[in-house]
Amino acid sequence: MRTVTLGPEGTYSHRAARTVSDEVSFSSSVTSIVEAVADGAYDRVVVPIENSIEGSVTETVDALAVEEVSVLREIVTPIRHALLAQDESFETVASHSQALAQCRSYLSEHHADASREAVSSTAEAVDLAREDPSIAAIAHPGSAGESLRVLATEIQDRPSNETRFFVLGPESAGSTAGGKTSLVIYPASNYPGLLLALLEPFDENGVNLTRIESRPTGAQLGEYLFHLDLEGGLYEPRIESAVAAVEAALDDGWVRRLGSYDVEHVVE
Ligand SMILES: O=C(O)C(=O)C[C@]1(C(=O)O)C=C[C@@H](O)C=C1
């Protein structure tokens, strides 16, 4: 199975992708990864969707609203960041923007004078730190290798730090079975009580929502898409009837069923 994820080798996405396939290739942008599976260039891709400290990976959330893909599995992994550098003399801390944000308090407490540089992934930051003694990287401690020192471990702002990853496939690979379902709703209108009308069917059918998020459509200010995750699979009549009731409440809008899937917790 050809699988692609955020690279280079050693990213947290790579660690999550190893649970899906031994053959993993890399790309430097989440958007291009989601496009690659929608276009059929790859069978499976693994992308980060949400972190317990910093929240949604908005690039992924937005790509899911426009690309024709299915969510096939969810992988939840602990994220334990370390500070890696050639020595203590660094002036810049580089990492993925999510990782920098997850370590915000640590950085302001211990390295307030260092500048911060957002790069495409934690592993790219490690490559930069290998080449340049003025750069430290925030990344998994296992990526230090021979050339970098682990200056500090467990530097994330909370002891519990977890990221959810989605395994995506082409739309045709989607399933209605599984313990969770993801949907995108485009209401195409705005009136008092709209959100209530979209959510009531879930209450009426006894469906528990685990996440709701509004994202701008990008077309104009004030126009939103709603991303929902819920407990249960689309094969269940109560879920299908809740979704059908939402569709019936929309005139020109739409509901995209991103698929139903199971959740797997990976410890390493
Ligand atoms: O840069 C990486 O190592 C990634 O896999 C990306 C990413 C993310 O986008 O959230 C994945 C997990 C961590 O939350 C930090 C960064």
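What counts and how
- Residues numbered from 1 in each chain as written.
- Predicted model: local features only at pLDDT ≥ 70, side-chain atom pairs only at ≥ 80, totals over all residues.
- UniProt positions renumbered as here; feature names shortened; annotations may be inferred.
- Helix = DSSP H or I, 4+ residues; strand = E, 2+ residues; numbered from the N terminus.
- Buried ≥ 20, exposed ≤ 12 C-beta atoms within 10 Å, placed from the backbone.
- Contact = placed C-beta atoms within 7 Å.
- Axes fitted to C-alpha atoms, helices over the stretch in contact; angles between N-to-C directions.
- Parallel < 35°, antiparallel > 145°, perpendicular 65-115°, else oblique.
- Left-handed = near helix turned anticlockwise from the far one by under 90°.
- Nonpolar A, V, L, I, M, F, W, Y, C, P; charged D, E, K, R; others polar.

The protein appears in an unreviewed UniProt entry as Prephenate dehydratase from Halovivax cerinus. A UniProt comment under Pathway (unreviewed entry) is attached to the protein, and it reads "Amino-acid biosynthesis."

(A) Fine view of the UniProt feature "domain: Prephenate dehydratase" (unreviewed entry) in the protein. As annotated by UniProt and renumbered to match this structure, "domain: Prephenate dehydratase" (unreviewed entry) occupies residues 2-170. The span residues 2-170 carries 28% helix and 36% strand; its end-to-end C-alpha distance comes to 12 Å.

(B) Quick look at helix 3 (residues 58-66). Listed as buried for helix 3 are T60, D62, A63 and L64. Contact partners of the buried residues in helix 3: helix 2 (30-38), strand 3 (44-51), strand 5 (69-78), strand 12 (180-186), strand 13 (209-216) and strand 15 (254-265).

(C) A look at the UniProt feature "domain: ACT" (unreviewed entry) in the protein. As recorded in UniProt, the sites labelled "domain: ACT" (unreviewed entry) are residues 183-260. Segment residues 183-260 splits into 31% helix and 35% strand. End C-alpha atoms: 9 Å apart.

(D) Structural context of the packing of helix 2 against helix 3. Two elements in contact, helix 2 and helix 3, have axes whose closest approach is 9 Å; the angle formed by their N-to-C orientations is 30°. When the axes of helix 2 and helix 3 are compared, the pair comes out roughly parallel. Note that helix 2 runs across helix 3; the crossing there is right-handed. On the side of helix 2, the interface is formed by V30, T31 and V34, while helix 3 contributes E59, T60, A63 and L64. Class assignment for the residues of the contact of helix 2 with helix 3 results in four nonpolar, two polar and one charged.

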